[in-house]
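# Coordinates in review
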Amino acid sequence: MEIRVDRKAAVKKIRALVLSQKSEIESFRAKLEKRFSSDFIPNRVERIEQKIGGVQCDVLVPEAFASRRVMIYVHGGSFVGGSRESWRSFCAVLANAVSSRVIVPEFRLAPSYPYPSSIEDLENVLSAVLEGNDGGEIILGADGSGASIAMGLLFGAEEKRRAAVSKLILFSPWLDLSFENPLIANKRLRDEVLSVEDLRYAADLYTYSSNLVNCKVSPLRALEKDFAGFPEVYIQCGEKEILLQQSQQLCEMLRRCNVTATLDAVPGMMFMFQMADEYLAESHAAIERIGSYINSQGSLTERELAERRRLMRENNIQI
């Protein structure tokens, strides 16, 4: 795949992922869907539509995958936007890289369905996956506001269910939306994609102000006991994000709680640069690193790895 390097175009595309105070919710949703939805699913990934735990889901199946591995992916979209369709291409690329089926649930969105509606939907999906996975590997992935939802899901799960999730993969996570956070207090702070005002606006639509200190909304407000049985965590973000410090703080907190944590901060990159892979070579390299991280530690057999390499060679598939 030939990449036309264009940072300006990448930033313009990624900005569509973030709700601005200047945007009406419906117009934001429509713009996000138009910008990211595609009839083409990359890397010969097959899509199966299925209800899991009563929630409509995409199940994305790459040509070669570890039979006992599944990822549940929680999309971003400022709590109010995004869908299976708009995240389909990105999650298909991810499915191919991590050699896994990826489940993308169509969870309920704020403000019509505020906190904890999205978490409740994900609880139903996780319960159904746990029942049907027969002790296989379960990975939880999320980006942006979806990271708050995914961690809220883990914090709310009983320790046995939480321990059944082997890894948590976070892209550019939103981790502290509380007014006690110095970042949120600095209204003028912004980067190429995100501003603090954007975060405050999305948070106001997701839940009431006194609930923003709840660790199920702002994971950095968690206590050490909340991380009992927590899976290992891999965070990938851009070094130019205003949220980088939050990712660093979460890694430090996890390590103090004896949870394995990795921070992959990519030089020069912005919020959710991975979703602008037609403009940025760094996007492809970053997803490859996620794949290497999971496949080097996961349950792929030598035979499955060989089959994956053969299919990629024969079909000239690249991440």
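### Details of the overall build of the protein
Per the secondary structure count, the protein includes eleven helices and eight strands. Relative to a compact globule of 319 residues, whose C-alpha radius of gyration would be 20 Å, the protein shows 18 Å and is just as compact. Once the C-alpha set of the protein is aligned to its principal axes, its extents read approximately 55 × 45 × 35 Å. Burial status across the protein gives 58% buried among its 319 residues. Long-range pairs, those at least 24 residues apart, make up 78% of the contacts in the protein with a sequence separation of at least 6.

### Points about a positive patch on the surface
Among the surface-exposed residues, K8, K12, K31 and R35 lie close enough to one another that they form a single positively charged patch. For the positive patch, the elements supplying multiple residues, two or more each, are α1 (7-14) and α2 (25-36). By the element assignment, K8 lies in helix α1. Assessed through its relative accessible area of 73%, K8 is described here as exposed.

### Focus: the packing of aromatic side chains
Scanning all chains against the criterion turns up ten aromatic pairs. For the pair F90 and F171, a centre-to-centre distance of 5.5 Å together with 80° between the ring planes defines the contact as edge-to-face. Residue F90 is located in helix α3 (residues 88-98), and its partner F171 is located in strand β6 (residues 165-171); the two are separated by 81 residues in the primary sequence. Taking the relative accessible area as the measure of exposure, F90 reaches 8% and is therefore buried. A relative accessible area of 0% means that F171 is categorised as buried. Between the aromatic rings of F155 and F230, the centroid separation amounts to 5.5 Å while the plane-to-plane angle is 35°, which identifies the pairing as tilted. Taken together, the positions of F155 in helix α5 (residues 145-156) and F230 in the loop between α8 (196-206) and β7 (232-238) put the pair 75 residues apart, joining distant regions of the chain. Here the two residues F155 and F230 agree in accessibility, since each one is buried.

### A few points about the nonpolar core
If you look at the biggest cluster of nonpolar residues, it comprises 112 residues, and the most contacted ones within it are F227 and F230. The element best represented in this core is α3, accounting for eight residues.

### Examining the confidence of the model for the protein
For the protein, the mean per-residue pLDDT works out to 92, and 92% of the residues sit at or above 70. Low confidence marks residues 315-319, where pLDDT is under 50. Its contacts with residues over four positions away, or in another chain, come to 18 contacts.

### Describing the sheet that holds strand β8 (residues 261-266)
With respect to topology, eight strands assemble into an open sheet ordered β1-β2-β4-β3-β5-β6-β7-β8, the strand pairing being mixed. Looking at the sheet topology across the chains shown, the edges are occupied by β1 (46-52) and β8. Across the sheet, the mean angle separating the axes of adjacent strands is 20° when strand polarity is ignored. The strands touched by helix α10 (residues 281-297) within the sheet are β3 (69-74), β5 (137-143), β6, β7 and β8, with β7 carrying the most contacts at an inclination of about 170°.

### Remarks on the layout of surface pockets
Within this model, the second largest pocket holds a volume of roughly 470 Å³. Every residue lining the second largest pocket is counted, 19 residues in all, and those nearest its centre are R15, V18, S20, S23 and K31. Contributions of two or more residues to the lining of the second largest pocket are made by α1, α2 and α8. In terms of residues, the lining of the second largest pocket owes the most to one element, α2, which gives four residues. Across the lining of the second largest pocket, the residue classes tally to five nonpolar, five polar and nine charged.

### Describing α2
Helix length check: α2 (twelve residues) gives 17 Å between terminal C-alpha atoms against 16 Å at 1.5 Å per residue, within 8%. Restricting attention to buried positions, one finds in α2 the residues I25, F28, R29, L32 and F36. For α2, the angular spread of buried residues about the axis comes to 100°, placing them on one side. Exposed side chains of α2 directed beyond 90 degrees from the buried face belong to E26, K31 and K34. The inward-facing, buried residues of α2 contact α1 and α8.

The rules behind each value
- Residues numbered from 1 in each chain as written.
- Predicted model: local features only at pLDDT ≥ 70, side-chain atom pairs only at ≥ 80, totals over all residues.
- Heavy atoms only, no water.
- Helix = DSSP H or I, 4+ residues; strand = E, 2+ residues; numbered from the N terminus.
- Rg over C-alpha atoms; globule rule 2.2 N^0.38 Å.
- Buried < 20%, exposed > 50% of the residue type's maximum accessible area, 1.4 Å probe, protein only.
- Contact = heavy atoms within 4.5 Å.
- Patch = residues over 30% accessible without salt bridge, like charges linked within 9 Å, V, L, I, M, F, W, Y side chains within 5 Å.
- Areas by Shrake-Rupley, 256 points an atom, 1.4 Å probe, with all protein chains shown as cover.
- Salt bridge = Lys/Arg side-chain N within 4 Å of Asp/Glu carboxyl O.
- Lys, Arg positive; Asp, Glu negative; His and termini not counted.
- Charge placed at Lys NZ, Arg CZ, Asp CG, Glu CD.
- Phe/Tyr/Trp six-rings, centres within 6.5 Å; stacked < 30°, edge-to-face > 60°.
- Core = buried A, V, L, I, M, F, W, Y, C linked by side-chain atoms within 4.5 Å.
- pLDDT = per-residue confidence, 0-100.
- Pairing = 2+ DSSP bridges.
- Axes fitted to C-alpha atoms, helices over the stretch in contact; angles between N-to-C directions.
- 1 Å grid on protein atoms, 1.4 Å probe; cavity = no way out; pocket = protein on both sides within 12 Å on 5 of 7 lines; lining within 4 Å.
- Points joined across faces, edges and corners; volume = space filled by probe spheres on them.
- Nonpolar A, V, L, I, M, F, W, Y, C, P; charged D, E, K, R; others polar.
- Expected span 1.5 Å × (residues − 1).
- Arc of directions from axis to C-beta.

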